[in-house]
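Analysis of the macromolecular model
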Amino acid sequence: MTDARPRPKMRTVGGTLEAFEQDLISNLYYQRGTTLESASGPDGYHTLAVTVRDRLVGRYARTAAAHYQANPRFVYYLSAEYLLGRQLRQNLLYTGTEQFVRPIAEDLGVSLEELEAYDVEPGLGNGGLGRLAACLLDSMATLDIPAVGYGIRYEFGIFKQAFRDGAQVERPDDWTFYGNPWEFPAPDDRQVVGFYGSTAPALDDPSGLRRQWTPAETVRGEPSHMLVPGYGTPTVNIIRLWQARASRESFDLSRFGAGQYKEAVEDIVQAENISKVLYPDDSTEQGRELRLKQQYFLVACSLRDIIRRYRLRNTGWDAFPAKVVIQLNDTHPVMAITELMRLLVDEYRLDWDLAWSITRRTFNYTCHTLLPEALETWSVELLERLLPRHMEIIYSINHFFLQEVAATYPGDLDKMRRLSIIQEYPEKRVRMAHLAVVGSTAVNGVAELHTRLLAETTLRDFAELWPQKFHNVTNGVTPRRFVRLANPRLSELITERLGDEGWLTDLERLDRLAGAADDPAFLERWREVKRLNKVDLTHQVERSTGVVVDPDALCDVMIKRFHEYKRQHLKLLHVITLFNRLREMPEMDMVPRTVLFGGKAAPGYHAMKLLIRLVNAVAETVNTDPVVSRHLKVVLLPDYNVSRAQVIIPAADLSEQISLAGKEASGTGNMKLALNGAVTIGTLDGANIEIRDRVGAENFFLFGLDAQQAVDLRRHYEPRAYYERDPELRAAVDAIASGVFAKGDRSLFAPVVDAMLGRDEYLALADYRAYVECQDAVATAWRDRDRWTRMSVLNAARTGFFSSDRTVREYCDKIWRVDPVRVEPD
Ligand SMILES: [N-]=[N+]=N[C@]1([C@H](N)O)O[C@H](CO)[C@@H](O)[C@H](O)[C@H]1O
């Protein structure tokens, strides 16, 4: 929010080519202090970035002024992860300056592609949860919703993945090595965050609920923000990222003087470690103390900043829940509930009940998983040490909550134990999901099945106690990045067919494409677009793996984090089955297929790292086999990330969404692939169900157990029985055991076989036969080019629902109750 001082004349959006070129040159001189003749690649990139960025600053200033004027209800999105993707092309598109760059670059003898090499994506997230946060911010700005995203400016993002002898090796992601031209440091808004220490009663509070916390350590939270432009609207919101810095007096001069150089900077290192690196775990909790420090650091800085913004235009606290709505992206930022209580009760001296009423009306919680191992709990011992005041507040919150439970279910101790925020056995731990539900107005799942299962299983007792709190908001993806930017050829064809680009901000208009599915000429052009995208992909595959793949082969894509519930091993069993078939019948007329994997495994997830090694070993064997490689190629593209996704997704024919039903909360890759004309082979899991409902069963390859069947089978499951009675399955598993993919070493991949024939936690063997038969149906369908292209067109035409604009509209209507604020164009 800004004050009413007169504003300098801002650079206009787009403007003229001359003005753009003028700004470029002056930025090269005055920002980079260099000349055209001596400018380096990074100089060129930074100058271009700053010139484009500055065309957003004008819109941001007008947005801030409009928001100051309107003093609206604001959405604050708290997330430990954001996968923003590369910024240059997005901002060129959103400022309408794309058209200027190529001619000017040619003028200056450089290419956009050369400059783009320095456009590093901020990998501040692990997977779907982080990318969803970025898509929602994009849609909030596009829908003119006053919003700020808060996150952590990790110095090192998600590790860079490379392979050595097929094994994943992790390299630090030094994403700001060349600096980040898209961010604005804002040191004036720095915050101080405390840790450890002790508490004491507040002298003037008979209730004993107010206390005095004296932290033993403090760090500084240094903010910087990046602009989040809306598409087709002047609105520009921000994402504010916090970086930890040691407090000023941390450098120990006397120790340095005594030559104890390491000790002299120990406190500085300690402090900076808080935002040093993203924890690379996806869907698995990370119980380290530093992780909890990161989470508290994020919420402590963000809440102070939110209160600073609120008090710029509002007095008192009554209006706080009316002006501030905070969305908690999973349990990672849930300490915000206890932090707001601490600020309101201890610092702003509100009485407990008023503070609690304000807090509950301010927060909402999105749950992104069903996996028990992903639901975070923190030991009471650690919390009492690291955040003693917050642990006291949790005890008080739980005390009053259990009083309410006891009143509702008198004498039902079991219910009390199940609902309690504190888990008593085997160790006293705080259940963060329970704290989130108790401290929030709304709780939502991210797909219909997920939300239903949450209410029936994981959060069943809460859903019975507070049914009105539970909502479903099915995930979505932004069509700007994942269709318009990633697939310009398809975008052009769609715009031509629909007559304008309105579909980009009203994606359900795509359903008007359905009619084109019966137009042979359109089908031909649709195929051509897909083929050209596949050619681009073959170049990237060859560049990064050396493997030559056929652009006319069926492009079968599985791109997502490696996790047992996602069942990359089931995909691999299918690949080995095709391999065995071709070895047995070299002359068989098998549909040419390229199987493309992409995804990282958490560094500590040894089973998945071994599976990555097996995927690369199978790929090596298949791709070098003179017979098999004529029909089949397998590739694991290294370092899968948002930028890679933007090249793979437009080229995909078949989208693998084969998780065990009931395990994948939603998935968002499934949506991006369908919107780009890939046909899904999948289970009745997460958002697959809603995709199938919309595209039609005839345009979706469904197989496998549904969620209830999986639960029932799990109770008496013997994977070995499936192995015994299915010769192809047996041959595939035996091939892994034989060492044929490990130069004869039978022990290397034995753990994979043991897991399959032992517990097979996610029922891959039970779903194998249905999956292989479904894949055979895919091959048959692929042979009928028009039928396949028709399915491809209808998948794109009927998945407009999965726009993150629709998702944000649902959050606004069901949870945030916030209205757009229009910003005047310049
Ligand atoms: N954490 N987490 N959850 C996930 C993903 N792994 O990031 O969130 C994503 C975003 O909600 C979901 O699509 C996905 O199913 C779920 O597993």
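Quick caveat: nothing in here was measured; it's all calculated off a predicted structure.

**A word on the pairing of strand β23 (residues 654-657)**
The side-chain alternation of β23 yields two buried faces, one formed by Leu-654 and Glu-656 and the other by Ser-655 and Gln-657. Pairing analysis gives 2 bridges linking strand β20 (residues 554-559) to β23, with the strands arranged parallel. Looking across to β23, one finds that Val-557 is bridged to Ser-655. Sheet topology note: the β23/strand β24 (residues 679-682) ladder contains 4 bridges and is parallel. For Leu-654, the partnering residue across the bridge sits in β24 and is Val-679.

**Topic: the pattern of salt bridges**
Counted by the stated rule, this structure contains 72 salt bridges. A salt bridge links Asp-639 to Lys-160, with the shortest nitrogen-to-oxygen separation between them at 3.5 Å. Note that Asp-639 is positioned in the loop between β22 (632-637) and α25 (642-648) and Lys-160 in strand β5 (residues 160-164), a separation of 479 residues in sequence. Owing to a relative accessible area of 37%, Lys-160 belongs among the partly exposed residues under this scheme. What you see here is one network of salt bridges that share partners, running through Asp-414, Lys-415, Arg-417, Arg-418, Arg-460, Asp-461 and Glu-464.

**Description of the domain arrangement of the chain**
With domains assigned, the chain is organised as domain 1 (121-475 + 810-816) and domain 2 (480-802). With 38 residues of domain 1 at the interface, the matching set in domain 2 holds 45 residues. Both sides of the domain 1 and domain 2 interface together cover about 3,200 Å² of buried area, and 56% of this is carbon and sulfur. When the area that domain 1 buries against domain 2 is broken down by residue, the three leading residues are Glu-121, Gln-161 and Tyr-231, summing to 19%. In this structure, the connection of domain 1 to domain 2 is made through 3 salt bridges. The partner of Asp-138 in a salt bridge is Arg-480, with the nearest N and O atoms 2.9 Å apart. Summed over the shared surface of domain 1 and domain 2, the number is 16 residue pairs in polar contact (both at pLDDT 80 or more). Sorting the residues of the side of domain 1 that touches domain 2 by element identifies α6 (128-142), β5, β6 (167-171) and α18 (448-456) as the ones contributing at least two each. Of all the elements, α6 adds the most residues to the side of domain 1 that touches domain 2, at 6 residues. Class assignment for the residues of the side of domain 1 that touches domain 2 results in 13 nonpolar, 14 polar and 11 charged.

About the cut-offs
Residues numbered from 1 in each chain as written. Predicted model: local features only at pLDDT ≥ 70, side-chain atom pairs only at ≥ 80, totals over all residues. Heavy atoms only, no water. Buried < 20%, exposed > 50% of the residue type's maximum accessible area, 1.4 Å probe, protein only. Helix = DSSP H or I, 4+ residues; strand = E, 2+ residues; numbered from the N terminus. Pairing = 2+ DSSP bridges. Salt bridge = Lys/Arg side-chain N within 4 Å of Asp/Glu carboxyl O. Domains from an automatic or database assignment. Contact = heavy atoms within 4.5 Å. Buried area = accessible area lost by both parts, 1.4 Å probe. Polar contact = N/O pair within 3.5 Å; in protein donor to acceptor, adjacent residues only side chain to side chain. Nonpolar A, V, L, I, M, F, W, Y, C, P; charged D, E, K, R; others polar.

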